[in-house]
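Each chain, written out:
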Amino acid sequence: MAEASRRRIWLGRGIYAFLCAGIMFLHLLPMETMPRRWGSPDFVLLITLAWAARRPDHVPALLIAAVFLLSDMLFHRPPGLWTALVLILTEVLRTRARSLRVVPFPLEWLGIAAGIVAITLAYRVVLSLTVVPQAPLGLTLTQMMLTILAYPLVALLSFLLFGVSRPAQGEIDSLGNRL
């Protein structure tokens, strides 16, 4: 039983890393030559938040840090800033995972949305204070809104395709700790 649970955790971590790498690869493909007027949802952030809220054991902090530091480098963002903000948000979700287990989905979505708004605004403020060039505010706001609106779809697909669901009330991990 413990071995199966441990295998499931490592399989979940591998799937998470593979999904994030695939999304970053697809995002880097030159599909369009002209810049768009709207920002697409941040699916790497959405997968991370959905999995951190539902199965925090599948997304440890070091894996999240590695994924987002790699994305910072690939997408030419200031290294570590977005990573740190996402890590703070996922650790907040990790500490509230037990209470999120019993709330209805709209409240979970509202909490995730508040977190996305908070880290987006914090990111913009820090970049403004350090006088780093940024994307236009409208582009950032559309990306933030589309990311929030896409969360239910990502949560549903994570459940249907990968079985990422909220743990049951008495469920324990491989070490006997309550989830």
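Criteria and cut-off values
- Residues numbered from 1 in each chain as written.
- Predicted model: local features only at pLDDT ≥ 70, side-chain atom pairs only at ≥ 80, totals over all residues.
- Heavy atoms only, no water.
- Helix = DSSP H or I, 4+ residues; strand = E, 2+ residues; numbered from the N terminus.
- Buried < 20%, exposed > 50% of the residue type's maximum accessible area, 1.4 Å probe, protein only.
- Contact = heavy atoms within 4.5 Å.
- Areas by Shrake-Rupley, 256 points an atom, 1.4 Å probe, with all protein chains shown as cover.
- Lys, Arg positive; Asp, Glu negative; His and termini not counted.
- Charge placed at Lys NZ, Arg CZ, Asp CG, Glu CD.
- Core = buried A, V, L, I, M, F, W, Y, C linked by side-chain atoms within 4.5 Å.
- Phe/Tyr/Trp six-rings, centres within 6.5 Å; stacked < 30°, edge-to-face > 60°.
- 1 Å grid on protein atoms, 1.4 Å probe; cavity = no way out; pocket = protein on both sides within 12 Å on 5 of 7 lines; lining within 4 Å.
- Points joined across faces, edges and corners; volume = space filled by probe spheres on them.
- Nonpolar A, V, L, I, M, F, W, Y, C, P; charged D, E, K, R; others polar.
- Axes fitted to C-alpha atoms, helices over the stretch in contact; angles between N-to-C directions.
- Parallel < 35°, antiparallel > 145°, perpendicular 65-115°, else oblique.
- Left-handed = near helix turned anticlockwise from the far one by under 90°.
- Salt bridge = Lys/Arg side-chain N within 4 Å of Asp/Glu carboxyl O.

## Some words on the overall build of the protein
Right, on to step 1. For the protein, the helix and strand inventory stands at 7 helices and 0 strands.
Right, on to step 2. When the 179 residues of the protein are sorted by exposure, 39% land in the buried category.
Right, on to step 3. For the protein, restricting intrachain contacts to residue pairs at least 6 apart in sequence, the fraction spanning at least 24 positions comes to 76%.
Right, on to step 4. Of the accessible surface of the protein, which amounts to about 10,300 Å², a share of 73% is contributed by carbon and sulfur atoms.
Right, on to step 5. Computed over 16 positive and 9 negative side-chain charges, the separation of the two mean positions in the protein equals 3 Å.

## Remarks on the nonpolar core
Right, on to step 1. Counting 37 residues, the largest nonpolar core has Tyr16, Leu45, Val67, Phe68, Trp82 and Ile116 as the members making the most contacts within it.
Right, on to step 2. Those elements that place two or more of their residues in this core are α1 (2-28), α2 (43-54), α3 (61-74), α4 (81-95), α6 (105-129) and α7 (137-162).
Right, on to step 3. It is α2 that contributes the most residues to this core, 9 residues altogether.
Right, on to step 4. Each residue touching Phe68, except ones within four places of it in the same chain, is listed here: Tyr16, Val44, Leu45, Thr48, Arg77, Trp82, Thr83 and Val86.

## Concerning the packing of aromatic side chains
Right, on to step 1. In the structure shown here, the tally under the stated rule is 5 aromatic pairs.
Right, on to step 2. Of the aromatic side chains, those joined through ring pairs into one cluster are Tyr16, Trp51 and Phe162.

## Remarks on the layout of surface pockets
Right, on to step 1. There is about 1,300 Å³ of room inside the largest pocket.
Right, on to step 2. Elements represented by at least two residues in the lining of the largest pocket include exactly α1, α2, α3, α6 and α7.
Right, on to step 3. Per-class residue counts for the lining of the largest pocket are 24 nonpolar, 10 polar and 5 charged.

## Brief notes about unusual backbone geometry
Right, on to step 1. Positioned with a positive phi, His76 is a non-glycine residue whose angle comes to about 55°.
Right, on to step 2. The topology assignment puts His76 in the loop between α3 and α4.
Right, on to step 3. One non-glycine residue, Val131, lies in the positive phi region at around 55°.
Right, on to step 4. Tracing the backbone through its elements, the reader meets Val131 in the loop between α6 and α7.
Right, on to step 5. A relative accessible area of 71% places Val131 in the exposed class.

## Things to note about the packing of α3 against α4
Right, on to step 1. Close contact between α3 and α4 brings their axes to 9 Å; oriented N to C, the two are set at 150°. Looking at the two axes, α3 sits roughly antiparallel to α4. Judged by the sense of rotation from one axis to the other, the crossing of α3 with α4 is right-handed. Seen from α3, the contacting residues are Ala61, Ile64, Ala65, Phe68, Leu69 and Asp72; seen from α4, they are Leu81, Trp82, Thr83, Val86, Leu87, Thr90, Glu91 and Arg94.
Right, on to step 2. Looking at the contact of α3 with α4 residue by residue, the class counts come to 9 nonpolar, 2 polar and 3 charged.

## Considerations on the pattern of salt bridges
Between side chains of opposite charge, a pair can form when the charged atoms approach closely.
Right, on to step 1. Within this structure, the stated rule accounts for 3 salt bridges.
Right, on to step 2. Note that Asp72 is salt-bridged to Arg77, the shortest N-O span being 2.9 Å.
Right, on to step 3. Judged by its relative accessible area of 0%, Asp72 falls in the buried class.
Right, on to step 4. As a salt-bridge pair, Arg94 and Glu91 come within 3.0 Å of each other at their nearest N and O atoms. With a gap of 3 residues between them, Arg94 and Glu91 both fall in helix α4, about one helical turn apart.
Right, on to step 5. Note on Arg94: relative accessible area 22%, which makes it partly exposed.

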